[in-house]
2 protein chains.
Amino acid sequence: MTHIRLTSLAQSLPSTVPFVGPETQERAAGRVFDARLGANENVFGPSPRATEAMAATQQWMYGDPESYDLRQALAAHHGITPDHIIVGEGIDGLLGYLVRLMVAQGDAVVTSDGAYPTFNYHVAGFGGVLHKVPYRGDHEDPRALFAEAAEVDAKLVYLANPDNPMGSWHSGADLVKAMETLPEGCLLVLDEAYVDCAPDGTAPVLDADDPRLIRMRTFSKVYGLAGARVGYAIAAPELITAFGKVRNHFGMNRAGQAGALAALEDTDWLAHVKTQIATARDRIAEIASDNGLTPLPSAANFVAIDCGRDGAFAKAVLDGLVARGIFVRMPFVAPQNRCIRVSCGTPADLNAFAAALPLALADAEKA
Amino acid sequence: MTHIRLTSLAQSLPSTVPFVGPETQERAAGRVFDARLGANENVFGPSPRATEAMAATQQWMYGDPESYDLRQALAAHHGITPDHIIVGEGIDGLLGYLVRLMVAQGDAVVTSDGAYPTFNYHVAGFGGVLHKVPYRGDHEDPRALFAEAAEVDAKLVYLANPDNPMGSWHSGADLVKAMETLPEGCLLVLDEAYVDCAPDGTAPVLDADDPRLIRMRTFSKVYGLAGARVGYAIAAPELITAFGKVRNHFGMNRAGQAGALAALEDTDWLAHVKTQIATARDRIAEIASDNGLTPLPSAANFVAIDCGRDGAFAKAVLDGLVARGIFVRMPFVAPQNRCIRVSCGTPADLNAFAAALPLALADAEKA
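Residues numbered from 1 in each chain as written. Chains lettered and ligands numbered in written order. Predicted model: local features only at pLDDT ≥ 70, side-chain atom pairs only at ≥ 80, totals over all residues. Heavy atoms only, no water.

As annotated in an unreviewed UniProt entry, chain A is Histidinol-phosphate aminotransferase from Sulfitobacter marinus. Reading the Cofactor (unreviewed entry) entry of the UniProt record for chain A gives the comment "pyridoxal 5'-phosphate". (UniProt positions renumbered as here; feature names shortened; annotations may be inferred.)

Chemist: Would you mind going over the nonpolar core with me for this structure?
Modeler: Considering soluble globular proteins, one finds that nonpolar side chains tend to be buried as a cluster. Ranked by internal contacts, the top residues of the largest apolar core, which has 102 residues, are Leu98(A), Leu156(A), Ile214(A), Leu98(B), Leu156(B) and Ile214(B). If near-sequence neighbours (up to four positions away) are discounted, Leu98(A) is found in contact with Leu156(A), Leu187(A), Val189(A), Ile214(A), Met216(A), Leu239(A) and Phe243(A). Counting 60 residues, the second largest nonpolar core, distinct from the first, contains Leu225(A), Leu264(A), Ile277(A) and Met330(A). (Core = buried A, V, L, I, M, F, W, Y, C linked by side-chain atoms within 4.5 Å. Buried < 20%, exposed > 50% of the residue type's maximum accessible area, 1.4 Å probe, protein only. Contact = heavy atoms within 4.5 Å.)

Chemist: What is the right way to look at the domain arrangement of chain A in this model?
Modeler: Interfaces are often sized by the amount of accessible area the parts lose when they come together. All names here are of chain A. Partitioning chain A into domains gives domain 1 (8-44 + 268-366) and domain 2 (49-266). Counting residues at the interface gives 31 residues for domain 1 and 32 residues for domain 2. Of the roughly 2,500 Å² buried between domain 1 and domain 2, counting both surfaces, carbon and sulfur atoms make up 63%. When residues of domain 1 are sorted by the area they lose upon contact with domain 2, Leu270, Ala299 and Gln336 head the list and together hold 22% of the total. Between the two partners, domain 1 and domain 2, sit 1 salt bridge. Run the count over domain 1 and domain 2 and you get 14 residue pairs in polar contact (both at pLDDT 80 or more). Elements with a minimum of two residues in the side of domain 1 that touches domain 2: α11 (267-290), β10 (302-306) and β12 (339-343). (Domains from an automatic or database assignment. Buried area = accessible area lost by both parts, 1.4 Å probe. Salt bridge = Lys/Arg side-chain N within 4 Å of Asp/Glu carboxyl O. Polar contact = N/O pair within 3.5 Å; in protein donor to acceptor, adjacent residues only side chain to side chain. Helix = DSSP H or I, 4+ residues; strand = E, 2+ residues; numbered from the N terminus.)

Chemist: Can you help me understand the UniProt feature "domain: Aminotransferase class I/classII large" (unreviewed entry) in chain A in this one?
Modeler: In the numbering used here, UniProt assigns the feature "domain: Aminotransferase class I/classII large" (unreviewed entry) to residues 37-357 of chain A. In the segment residues 37-357 of chain A, helix accounts for 39% and strand for 15%; the C-alpha atoms at its two ends are 13 Å apart.

Chemist: Explain the pairing of strand β7 (residues 213-218) of chain B here, please?
Modeler: Look at any regular strand and the pattern is simple: side chains alternate between the two faces of the sheet. All names here are of chain B. The buried fraction of β7 is high, at 6 of 6 residues. Burial along β7 is two-sided: the face carrying Leu213, Arg215 and Arg217 and the face carrying Ile214, Met216 and Thr218 are both buried. The sheet contact formed by strand β6 (residues 187-191) and β7 spans 4 bridges and is parallel. Pairing of Val189 across the sheet is with Ile214, part of β7. In terms of strand pairing, β7 meets strand β8 (residues 231-234) through 4 bridges, oriented antiparallel. (Pairing = 2+ DSSP bridges.)

Chemist: I tried to follow the packing of helix α5 (residues 90-102) of chain A against helix α6 (residues 117-125) of chain A on my own but got confused; where do I start?
Modeler: All names here are of chain A. Following both chains from N to C, one finds α5 and α6 inclined at 30 degrees, their axes separated by 9 Å at the closest point. By the criterion of interaxial angle, the relationship of α5 to α6 is roughly parallel. In this structure, α5 crosses over α6, and the sense of that crossing is right-handed. Listed contacts from α6 to Asp92, Leu95, Gly96 and Val99 of α5 are Thr118, Phe119, His122 and Val123. (Axes fitted to C-alpha atoms, helices over the stretch in contact; angles between N-to-C directions. Parallel < 35°, antiparallel > 145°, perpendicular 65-115°, else oblique. Left-handed = near helix turned anticlockwise from the far one by under 90°.)

Chemist: Looking at this model, I keep getting lost on the relation of the copies chain B and chain A. Mind explaining?
Modeler: Two copies of the chain are present, and they differ by a rotation about an axis and a shift along that axis. Least-squares fitting of chain B to chain A yields an RMSD of 0.0 Å, with the superposition described by an axial translation of 0.0 Å and a rotation of 180 degrees. The superposition operator between the copies reduces to a two-fold rotation axis. When each C-alpha of chain B is compared by its distance to the rotation axis, Ala55(B) comes out closest, at 2.3 Å. The residues that chain B uses at the interface reappear at the interface of chain A in 100% of cases, marking a shared surface. (Least-squares fit on C-alpha atoms with pLDDT ≥ 70 in both.)

Chemist: Teacher, can you tell me more about the pattern of salt bridges here?
Modeler: Pairing is possible between side chains that carry opposite charge, provided their charged atoms lie close to one another. Taken as a whole and judged by the stated rule, the model has 42 salt bridges over all chains. Note that Arg27(A) and Asp64(B) form a salt bridge whose closest N and O atoms lie 3.0 Å from each other. Taken together, the positions of Arg27(A) in helix α2 (residues 22-29) and Asp64(B) in the loop between α3 (48-55) and α4 (68-78) put the pair across two chains. Judged by relative accessible area, which is 29%, Arg27(A) ranks as partly exposed. Here Arg215(B) and Glu192(B) are joined by a salt bridge, their closest N and O atoms 3.0 Å apart. Taken together, the positions of Arg215(B) in strand β7 and Glu192(B) in the loop between β6 and β7 put the pair 23 residues apart, joining distant regions of the chain. Each member of the pair Arg215(B) and Glu192(B) is classed as buried. Overlapping salt bridges, with partners in common, bring together Glu23(A), Arg36(A), Glu41(A) and Arg254(B) in one network.

Chemist: Can you walk me through the interface of chain B and chain A in this structure?
Modeler: Opposite the 83 residues of chain B that make contact, chain A presents 83 residues. Both sides together, the interface formed by chain B and chain A hides about 7,200 Å², and carbon and sulfur atoms give 56% of it. Two residues, Arg254(B) and Glu23(A), come together in a salt bridge whose shortest N-O distance is 3.1 Å. Here chain B and chain A share 56 residue pairs in polar contact (both at pLDDT 80 or more) between them. Considering only residue class, the side of chain B that touches chain A consists of 39 nonpolar, 24 polar and 20 charged. (Nonpolar A, V, L, I, M, F, W, Y, C, P; charged D, E, K, R; others polar.)

Chemist: Is there a simple way to think about the sheet that holds strand β2 (residues 85-88) of chain A in this case?
Modeler: Neighbouring strands of a sheet are bound in pairs by backbone hydrogen bonds; such pairs are parallel or else antiparallel. Residues and elements named next belong to chain A. One open sheet holds the 7 strands; their spatial order is β2-β8-β7-β6-β5-β3-β4, and the pairing between them is mixed. The sheet terminates laterally at β2 and β4 (129-133), the two strands that pair on one side only. Strand-to-strand twist in this sheet, taken as the mean axis angle between neighbours without regard to direction, amounts to 20 degrees. Packing of α5 onto the sheet brings it into contact with β2, β5 (156-160), β6 (187-191), β7 (213-218) and β8 (231-234), and relative to β7 it is tilted by some 155 degrees. Against the sheet, helix α7 (residues 142-152) engages β3 (108-112), β4, β5 and β6, with an angle of about 165 degrees to β3.

Written out as C-alpha cells, the structure reads:
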C-alpha cells in the first residue's frame, strides 16, 4: 500500500495538458520566438496606468479576498451590482470552479467539437461526460448545442462568442433568440473573452439576473493583462454566491486587482488598442491573401487562415512557421484544422510572419 | 426546475469563508487600520530586487505554465530536482488541488482541532470527513495525529511546523522520529509556511523522494510576497506529476513567478528580514509582559499572547484592539482561544499596539 492514494477519478485522469506554453516550445528549440502570435495575447500591452498601478502595489499584503474595489468598478461599468460579479484567476480558474459546483461524476455537459480545450479539461477533471456538437460553417451552432443539451439533460452548455479558434461570432440578438430553445435545467456558459474587440451588438442584451446563463469576461485579451490572471463572471446572485463555497478566497494576486481596475478606467487606451487590433487583423488577412490563402472573418484578436487543404497540410505550415521563430497555433478538429490561427501582432511581428509564411508554405507543399 | 443545478455536495456546503479579510473589516468600520498585524504578512516587505522584477514584467504575456525558471531555482536551492516541485497559487491553492486529488466523498482526513481553517475548508469542499485531535500544551501532537490517522484510515494528515496560530514547533529530528508511527496509506501534509524564520533544525531532514509526505512552502511570509500568490510543494515526482491532472495550468501570474525568483536569490535581504522578525517577536513579547500577559515562544512571524482567562476575555481584548485600529486575530478553539495572535510589525506598528493594548485590556476587564 502506498501513501499516495489518489481518488479513483484522479487515477483515471490523463496527465496531458490543455496547452503547451510557448516558453516550453522555446526551451525545446533552444531559441526565443521572434513573434509571439499563438496565445491570443495582446502585444499592444495594457494601459500604462495599469502598469503603474501594478508596480506601485504593496506586495507584502494579501489581496482583498472580495476584490471589492474591482467588483464595484465592474458593476458600474456594466450597470449591474457587485453581487452579480465574481472575480477569479482568469476565465480558466472560474470555469474550473463552475464545473466543480455543477458537474458531478456522470453529469452531462455539451460543447462544440473543437471549442476551448480547457473547458473540456475541467469537465473531465470532475468526471463529467462531454457531448460534442459540430461547428456549422466555422460557427458554433447555438440551436444544435441547445438541442443536444435537451437530448442528454446537460447541466452546462458551453458557447464562446466570439468563438476561439475560428474568430466567428453571432449577433447578440440572434443569441437571445436562440436561447428560447435552451432547455430548462441547463446553464449556458457564455465565454465572452473576445467580446471587447467584437462589433457592437455582439454581446447579447440580457438581464444580469437572468438565471439561464453565466457570462465569462477577462482582462487577458483586449485589456492586455494575460500575465496578471484576472477574469470575472456575471450571473444571477444565487449562482455568484455559490462560488464562495469552493473558490480559493485568497487566490487573487493584489497587483492584478489593482491593474485590472486601472485598465478598466482607461477607456482611451482601450479605444487605442481596439484600433491596433483592427489594423492587425486587416494586415493578417492581407498577408494570407497575398499567399493565396483565405482569411476568415474575425471578431477576435486573431485571424484563422484557411490553408486550403487538410489538417496535415495546415500542421505542416504551422511547423514551418514555428521552425522560423513564429509562434502560432491551429484548431484541433477537422474540418477547422485546415486553418492556422494567428494572433494580432505589432507591425514588426506581422512583417516577420509575412516573411516566414511563403517559406513555410513552400515547405508544406514539398512535404 | 432551475437552470442552476448544483451538485448535491455543493448544495450541502456552507457559504462561510475561512477568513474575513482586513479590507472587509476596514470597510465595515469606515477606517483603515493603523497597524496590520492580523494576517501574518511580512510588513518588512519583499526584496527590492523582487519588487523591481515584478515591475519590469511584461504583463501582456501569460505566465509560463510550468514555472520552469522558478522550479529550476528552487530545485538548486533545496538540492533536489524540478520534478520534485509544483508551484501554485499559494499554499491555499495547492492544498485545494491536493485534497481534490486524494479525498473522495467520505474519505477520512486528520488535523489538529484549531489548526489551519483553509485546509478544513478544502476537505469539506470535496466531501472529506475531518477528524480532529487536540493540541498538547499548545503544540500540535504528531503521534496523536498519526494514531488517529491509523484509527480512521485517513488519506491525509495535516501538520504545520511551526504551527499557526500558536507559533509552537517541533524539531525536525523529533518529527522524523514521530513519522515512524505514520500509518501506511496516509500522506503527511507538512505545512512549512513559517519554517524560513524558525530555528535551525526545525525542518526535518528527509529525502525528497520520501513517499510519506508532501511539504508546503510559500513566498507569502518571510519572503514578503503575500500579494503575489506564490506557493510550492515538495514531494516525490509520482505525486507532483498528479497535480498536472487537475491544476489550473495557466493560473500562475507572470510577475509572481519573476518576483519569487528574484526574492529567492536575494539571500542578504532574507537575512535582514529574519533579524527584523526576531526583533519584532521580542518586542511583542515585551509588550505582552509589560501588560501582565504571557507571550508564548514562537518560531513564526507572529506571537500568540496568553491573555490569562477564557476565550470570551481574549475576544474582548481583540475587539478592543480592532476598535483602536490594530488588526489582530486569535485562535478559534479552546483552550488556545485564551490567546490573541499578533504578527510581527514595524517599530511604529508595535508602538501603536503597545499604546492600544492597555486600553483594550481595561475595556475587557470592565466587560
